[in-house]
Structures are given as structure tokens and as C-alpha cells.
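Descriptive analysis of the structure
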Amino acid sequence: VGHCHPEIVKAAHEQNQLLNTNSRYLHDNLVDYAERLSKTLPEKLCIFYFLNSGSEANDLALRLARQYTKHEDVIVLDHAYHGHLTSLIDISPYKFRNLEGQKEWVHVAPVPDTYRGLYREDHEDSVTAYANEVKNIIEQAHKRGRKIAAFFVESLPSVGGQIIPPAGYFQKVAAHMHKAGGVFIADEIQVGFGRVGKHFWAFQLQGEDFVPDIVTMGKPIGNGHPIACVATTKEIAEAFAATGVEYFNTFGGNPVSCAIGLAVLDVIEKEDLQAHATEVGNFLMKLLEEQKIKHPIIGDVR
């Protein structure tokens, strides 16, 4: 919402003057924020875990998926980046290719890129073709006695080149995943909170009928203040709680962080930033498309 936005600074300052505790102490801000955030998401995603960073959120998403499915393996897209923790470097081809390489439990699917990818705009059904790549990975894994816990994807692959997956791809992949007893995790850390303009969440570009099993949030949630979140379903949360090992995060969801989170949502709403993103985005796209006509070196505009 902009550097040092006065509303955010004010919310942080006021809450700081009153109380900031670790999250073993209950505070209304946590509940108020969870409730407010839930209104932006599909009804099914009704359980929230608060953390300090996107990496923490993705790490927890991985734990939730494994506990719920009792499987270990993960499918990710090529060039993906999901965070800097050891568990996430392992599922980030962007990083592990330069480090220790690919682990046995990690499977890499091609990016659904209709401009430069395996199946392009001239393909008769690129959506099904890309989804079938995931289906083939699942089948190959099963032959080796491995089971898939999750398909882990950034809703709009950013490090991978600002790729907008063709509509319907997530639905088809989710169907393959659910059939294999896995879950679908949407990483919204860099692309959520109205940034795509038309929708509040980038996964919604796939269509109103699509709902991930787990959604992770980071960067924009606190406008630079460290707060992150994992949203999931009751079934997944209950399977996670059934271990008897509670999830606890000392500062995740503390009163100041939640006051800031609420203020960010206020500003997005008050200043109509989602519509602004659409307007500015369309304006830039129009001008850049004009440049594309003039300069043959420009292949695609994103």
C-alpha cells in the first residue's frame, strides 16, 4: 500500500503503545484479523495460522499437507522459488539446481507457459496437455512406490517469468492430485492481496469454481512488517491437530502484527487499490503492446 503509509504507521504505533505480547496471550486483534481475512477467501478456507514470513508459511503448508495425506513427495513447477528454509530450497528448482540438486521426493513439472513452454498457443488443448504432465509424474512416482502429498505452486509463477497459467489448468491438476490422495497448495506470497487487479487472489484467475486446499500469504500482508499466514480447511487442520503436537509461533499473530494486517486491508479497500492495479496494469499493457508492434525484439508482454 506504499512506503510508510500513514494509516499503517498509525495502527502500529497505537497498538505498540497499548500492548504487544507473544501469541500465547489471547488478543482480539488476532480473531478480528482472521475473520476479516476469511471474507476475502472461499468459505472452505476457514482455518488460519499466523506466522512471521512467507518462508515460514510455506514450510507449515508442507507440514500440513504431509500430515493430512500421510504422503511425502511434492510436485513443483520448473524454475519455482518457494522460500529460503532448507525444506523450501528442496522444492525450489530455481535454487536447488545450483546447490545439492533434486531430492528423490521432489518431482518437477513443466511450467504451463503457452509462449515459450512445451505446449504453446497453437496447441489444440495446452491446458489438458500441461495437466497431463502432472498426471504422468504421479503415475511414474506410483510405479516407484512413492506417494504424492502436494502440488505446490505459485498462483502466478513470478520467478519463473511472470507466467499466467491458462485458465482451467489448476482445476485439472487438482483433480489429478485429489485422485492420488494429495492436496493443492497455492502460494500467494508475491501475487496475492489484489495485485492481479481483477481478483483479490491470483488463484481466482483460474475461475470462480477453483478452491485450493491450502493458501499461503506473506510479503504484502503487513506492508513490509513481518506477518504471514496459512489458510486451510477444517479437515486438514484437524488432521494436523490430531498429532497432539500443537503449532505454536511466538510472534506469529501478535497484537501489533494483526493491527497492521487490519490496517492494510482497510487501506486496500478505502483507496480502491485493486481497481487501481487493474487500471494501471491495463494502461501499461496497452502502451507496452504498442511497443511490441514497433519492435520485433519484444516477443511477449506480461
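Residues numbered from 1 in each chain as written. Predicted model: local features only at pLDDT ≥ 70, side-chain atom pairs only at ≥ 80, totals over all residues. Heavy atoms only, no water.

The line we're drawing: UniProt positions are given in the numbering used here, feature names are shortened, and annotations may be inferred rather than shown by experiment.
The name given to the protein in an unreviewed UniProt entry is AT2L2 lyase, with Oceanites oceanicus as the source organism. Quoted straight from UniProt, the Cofactor (unreviewed entry) entry for the protein says "pyridoxal 5'-phosphate". Looking at the protein in UniProt, the text filed under Sequence similarities (unreviewed entry) is "Belongs to the class-III pyridoxal-phosphate-dependent aminotransferase family."

Quick notes on the overall build of the protein
Filter applied, for reference: Only DSSP runs of H or I covering at least 4 residues are called helices, and only runs of E covering at least 2 are called strands; the numbering of each starts at the N terminus. Atoms considered for the radius of gyration are the C-alpha atoms alone. The globule rule reads 2.2 Å times the number of residues to the power 0.38. Here, two residues are considered to be in contact whenever any of their heavy atoms come within 4.5 Å of each other. Counted as positive: Lys and Arg. Counted as negative: Asp and Glu, with His and the chain ends omitted from the count. In plain terms, the charge of a residue is placed at NZ if it is Lys, CZ if Arg, CG if Asp and CD if Glu.
Within the protein, the regular secondary structure consists of 10 helices and 7 strands. Scaling as 2.2 N^0.38, a compact globule of 302 residues should have a C-alpha radius of gyration of about 19 Å, and the protein matches this with 20 Å. Overall, the C-alpha framework of the protein stretches about 60 × 55 × 40 Å when taken along its three principal axes. Residue pairs at least 24 apart in sequence account for 73% of intrachain contacts in the protein once pairs closer than 6 positions are excluded. Between the averaged position of the 29 positive side-chain charges in the protein and that of its 38 negative side-chain charges there is a distance of 5 Å.

Structural notes on the packing of helix α2 (residues 28–38) against helix α9 (residues 255–270)
What counts, and what does not: Fitted lines through C-alpha atoms serve as axes, helices being fitted only where they are in contact, and the angles separating the N-to-C directions of these axes extend from 0 to 180 degrees. If you view the pair so one helix is near and one far, a crossing is left-handed when the near helix is turned anticlockwise from the far one by less than a right angle, and right-handed when it is turned clockwise. Charged residues are taken to be Asp, Glu, Lys and Arg, nonpolar residues to be Ala, Val, Leu, Ile, Met, Phe, Trp, Tyr, Cys and Pro, and polar residues to be all remaining types, Gly included.
Direction vectors running N to C along α2 and α9 enclose 35°, while the axes themselves pass 8 Å from each other. Every pair of crossing elements has a handedness; the one defined by α2 and α9 is left-handed. Side by side, α2 and α9 meet where Asn29, Leu30, Asp32, Tyr33, Arg36 and Leu37 of the first sit next to Pro255, Cys258, Ala259, Gly261, Leu262, Leu265, Asp266 and Glu269 of the second. Classifying every residue of the contact of α2 with α9 gives 8 nonpolar, 2 polar and 4 charged.

Here we look at empty space enclosed by the protein
Put simply, the rule reads: Grid spacing is 1 Å over the protein atoms alone, the probe is 1.4 Å, and a cavity is where that probe fits but cannot get out, while a pocket is an open set with protein on both sides within 12 Å along at least five of seven lines and lining residues have an atom within 4 Å of a point. Grid points are joined across faces, edges and corners, and a volume is the space filled by probe spheres set on the points.
Overall, the coordinates contain 2 cavities of 30 Å³ or more when judged by the stated rule. Looking at the largest cavity, its volume works out to about 80 Å³. Considering the residues around the largest cavity, the lining is formed by 14 residues, among which Leu77, Asp78, Ala80, Glu154 and Pro157 are closest to the centre. With 3 residues, strand β4 (residues 148–154) is the single largest residue contributor to the lining of the largest cavity. Here the lining of the largest cavity is built from residues that sort into 8 nonpolar, 4 polar and 2 charged. Here the second largest cavity is characterised by a volume of approximately 40 Å³. If you trace the second largest cavity, you find it lined by Ser23, Tyr25, Leu26, His27, Leu30, Gly253, Asn254 and Pro255.

Regarding the nonpolar core
Formally: Side-chain atoms within 4.5 Å are what join buried Ala, Val, Leu, Ile, Met, Phe, Trp, Tyr and Cys residues into a set we call a nonpolar core. The rule is simple: take the accessible area with a 1.4 Å probe, protein chains only, and divide by the maximum for that residue type; under 20% is buried, over 50% is exposed, in between is partly exposed.
Within the largest apolar cluster, 55 residues are counted, with the highest numbers of intra-cluster contacts made by Tyr33, Phe151, Tyr169, Phe193 and Met217. With 9 residues, the top contributor of residues to this core is α9. Dropping the residues within four chain positions of it, methionine 217 is found in contact with Leu37, Leu41, Gly54, Ala57, Ile189, Phe193, Trp201, Ala228, Cys229 and Ala231. Within the second largest apolar cluster, 26 residues are counted, among which are Val74, Phe96, Phe152 and Val183.

Focus: the packing of aromatic side chains
Selection criterion: Whether two aromatic rings pair depends on their centres lying within 6.5 Å, for rings of Phe, Tyr and Trp, where Trp uses its six-membered ring; planes under 30 degrees apart make the pair stacked, over 60 edge-to-face, and the rest tilted.
On inspection of all chains with the given rule, the structure shows 14 aromatic pairs. Between the aromatic rings of tyrosine 33 and phenylalanine 50, the centroid separation amounts to 5.6 Å while the plane-to-plane angle is 40°, which identifies the pairing as tilted. Of the two residues, tyrosine 33 sits in helix α2 while phenylalanine 50 sits in strand β1 (residues 47–51), which places them 17 residues apart along the sequence. On the numbers, 5.5 Å between centres and 55° between planes, the contact of phenylalanine 170 with phenylalanine 210 is tilted. Here the residue phenylalanine 170 occupies a position in helix α7 (residues 169–179), and phenylalanine 210 occupies one in the loop between β5 (183–187) and β6 (214–217), the gap between them amounting to 40 residues. The burial state of phenylalanine 170 is the same as that of phenylalanine 210; both residues are buried.

Digging into α2
Put simply, the rule is: The directions from the helix axis to the C-beta atoms are what the arc is built from.
Asn29, Tyr33, Ala34 and Leu37 are the residues of α2 that are buried. One side of α2 holds all its buried residues, which, seen down the axis, span an arc of 130°. Along α2, the residues that are exposed and aim more than 90 degrees away from the buried face are Asp28 and Val31. Buried residues in α2 make contact with α1 (6–18), β1, β6, β7 (228–232) and α9.

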